Amino acid sequence: MIGGVVVLCRFGEIFLKGANRGRFERMLIDNVRRAVADLPEARVSAPHGRVLVTVPEAGLEDACARLTRVFGLVSLSPARAVAPELPVIVEAAVTQARAALARDPARVRAFKVEARRSDKRFPATSYEIACEAGARIAAATGLPVDLHHPPLTIGIEVGSEVAFVFGDVRPGPGGLPVGASGRAVLLLSGGIDSPVAGWLAAKRGVVNDAVYFHSPPFVGEKSRDKVESLARALGGWQAMRSLYVAPFTEAQKRLREAGPAELAVVLYRRMMMRVADLIADRRGAGALVTGESLGQVASQTMPNMDVIGAAARRLVLRPLATYDKTETIALARRIGTYDTSVLPYEDCCALFVPAHPATAARLADVERAEQGLDVAAEAAAVADAAQEIPIGR
Ligand code: ATP
Ligand code: MG
């Protein structure tokens with residue numbers, strides 16, 4: 001490791017407390033391993049309260065890009081690993097400062113040094129290390145020291161076998177390691193909202209499988225491909241295991257005929273919940289996740305969401321329930337699903353639906369409409385016919 005580059009990965013305090021600490025930590029380390037598994041010569045180690053990823057220099061940026069998508073990491077720093085000797089450390093600090101200055105001369109107008117030593121036998125104190133490195137950096141670059149608002153902070157961490165020197169702290173995505181909260185089935189459409197909802201669930205430690213309800217020939221194959229791309233985008237965050245494509249046309253036609261047109265969307269959605277529940281049974285999932293947002297459209301009023309949710313047998317998570325569309329769009333851009341979501345596609349729930357659907361469906365009316373159908377058998381048929389596309393994690 002000494003002489004090479006390493007990514008220092010820091011994780012949050014929150015989940016470090018209590019009995020779950022060991023389990024969460026192991027999951028996080030597994031997820032870090034997964035993220036760099038196909039990077040040549042990447043190695044992951046986990047000395048006390050830290051995850052270190054060593055990579056060949058050429059793979060450093062790629063490794064950092066992947067690690068900024070591992071939930072549970074709060075920040076990371078590409079660092080140089082050097083021998084724990086003061087002159088060597090100081091030299092590395094000067095090199096890091098020069099590199100930072102060369103990268104962004106307009107911003108890097110001053111600096112400070114933050115030093116820590118975990119090995120108290122090291123002959124200089126943290127303060128002495130910082131002073132020595134600071135003086136050498138100032139002499140080498142001409143930059144002044146700014147202790148309060150430094151645009152550049154050179155970090156030094158001295159251990160007993162190795163010291164790390166870095167000039168960059170990049171934010172991680174935070175949250176909990178994917179897997180720590182269990183599994184869920186995400187109802188994934190081709191829209192903007194549901195991919196973001198799946199991402200938010202994953203951020204709190206949920207592993208998703210997704211189900212997409214497909215209604216050919218009214219909905220084209222392009223829509224199916226689009227949903228698959230969205231599932232793969234979530235896979236880049238380790239947030240997706242498999243996508244199930246569930247043929248919905250026939251069930252949808254029968255549902256449409258079963259009740260008044262104003263109730264059609266609510267009837268479709270309730271059937272989606274039942275099918276998702278059956279897939280969740282198979283996948284050992286503890287919850288369903290939707291992209292519903294309160295008041296966004298007629299089917300997402302409080303009474304309608306209540307009637308839709310009543311068809312589900314398990315917990316329904318609606319991470320976007322309180323989000324404005326602008327907030328959801330900003331997140332969609334950040335996580336890389338927006339450009340795919342805005343490609344044109346047909347929405348199966350818009351099929352055979354009147355311009356003015358009910359905004360306050362009553363459970364009794366909906367159940368009466370469903371009485372003409374064997375909804376359990378319909379749901380089972382759709383779930384059985386669903387095709388699994390493995391996405392991987
Ligand atoms: P999205 O952008 O996720 O489509 P939306 O605001 O367009 O959300 P609706 O289309 O009313 O909302 O759908 C509400 C939720 O129902 C979606 O977020 C999604 O979870 C689920 N859903 C809707 N259509 C489908 C579908 N064809 N397949 C799977 N889930 C769906
Ligand atoms: Mg939609």
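All values derive from a computational prediction rather than experimental measurement. (Residues numbered from 1 in each chain as written. Chains lettered and ligands numbered in written order. Predicted model: local features only at pLDDT ≥ 70, side-chain atom pairs only at ≥ 80, totals over all residues. Heavy atoms only, no water.)

## Thoughts on the site of ligand 1
The full set close to ligand 1 counts 22 residues, and Leu187, Ser189, Asp193, Ser194 and Gln296 are the nearest of them. Between an oxygen atom of ligand 1 and a main-chain N or O atom of leucine 187, the distance comes to 2.7 Å. Contact between ligand 1 and aspartate 193: an oxygen atom at 2.5 Å from a side-chain N or O atom of the residue. Taken together, the elements giving at least two residues each to the shell around ligand 1 come down to α5 (193–203), β10 (206–214) and α8 (264–283). Considering every element that reaches the shell around ligand 1, the biggest residue donor is β10, with 3 residues. (Near = heavy atom within 4 Å. Polar contact = N/O pair within 3.5 Å; in protein donor to acceptor, adjacent residues only side chain to side chain. Helix = DSSP H or I, 4+ residues; strand = E, 2+ residues; numbered from the N terminus.)

## A closer look at the sheet that holds strand β9 (residues 182–187)
The strand order across the open sheet built from 6 strands is β13-β12-β9-β10-β11-β14, with neighbouring strands paired in mixed fashion. Both outer strands of the open sheet, β13 (315–317) and β14 (387–390), are each paired with one neighbouring strand and no more. Going across the sheet, the axis of each strand differs from the next one's by a mean of 25°, ignoring polarity. In the sheet, strand β11 (residues 240–247) pairs with β14 via 4 bridges, with the strands oriented antiparallel. Bridge pairing links leucine 243 to isoleucine 389 in β14. Lying over the sheet, helix α6 (residues 221–235) contacts β9, β10, β11 and β14, oriented at roughly 165° with respect to β11. Lying on the sheet, helix α13 (residues 375–385) is in contact with β10, β11 and β14; it crosses β11 at an angle near 125°. (Pairing = 2+ DSSP bridges. Axes fitted to C-alpha atoms, helices over the stretch in contact; angles between N-to-C directions. Contact = heavy atoms within 4.5 Å.)

## Re α13
Of the residues making up α13, those classed as buried are Val375, Glu378, Ala379, Val382 and Ala383. Burial along α13 is one-sided: seen end-on, the buried residues are contained in an arc of 130°. The exposed set on the far side of α13, more than 90 degrees from its buried face, consists of Ala376 and Asp384. (Buried < 20%, exposed > 50% of the residue type's maximum accessible area, 1.4 Å probe, protein only. Arc of directions from axis to C-beta.)

## With respect to the environment of aspartate 281
Looking at the secondary structure, you find aspartate 281 in helix α8. Distance in space between the C-alpha atoms of aspartate 281 and alanine 135 is 63 Å, their sequence separation being 146 residues. With residues up to four places along the chain from it excluded, the contact list for aspartate 281 reads Arg313 and Arg314. In terms of polar contacts, aspartate 281 uses its side chain to reach the side chain of arginine 314, at 2.8 Å.

## Brief notes about the packing of aromatic side chains
Evaluation of the coordinates by the stated rule reveals 4 aromatic pairs. Between phenylalanine 71 and tryptophan 237, the ring centres sit 5.6 Å apart and the planes meet at 25°, which makes this aromatic pair stacked. You can see phenylalanine 71 sitting in the loop between α2 (60–67) and β4 (73–82) and its partner tryptophan 237 sitting in the loop between α6 and β11, a full 166 residues away along the chain. Judged on exposure class, the residue phenylalanine 71 and its partner tryptophan 237 are both buried. For the pair phenylalanine 213 and phenylalanine 248, a centre-to-centre distance of 4.9 Å together with 55° between the ring planes defines the contact as tilted. Within this pair, whereas phenylalanine 213 is found in strand β10, its partner phenylalanine 248 is found in the loop between β11 and α7 (249–258), the two being separated by 35 residues in sequence. Per residue, the accessibility class of phenylalanine 213 equals that of phenylalanine 248, and both read buried. Members of the aromatic cluster, joined through ring pairs, are Phe71, Trp199 and Trp237. Lying over the aromatic face of phenylalanine 166, arginine 10 brings its terminal NZ or CZ to 5.2 Å of the ring centre. Above the ring of tyrosine 338, the side-chain terminus of arginine 333 is found at 4.3 Å from the ring centroid. (Phe/Tyr/Trp six-rings, centres within 6.5 Å; stacked < 30°, edge-to-face > 60°. Lys NZ or Arg CZ within 6 Å of the ring centre and 35° of its normal.)

Geometric descriptors of this kind do not, in isolation, establish any biological role.
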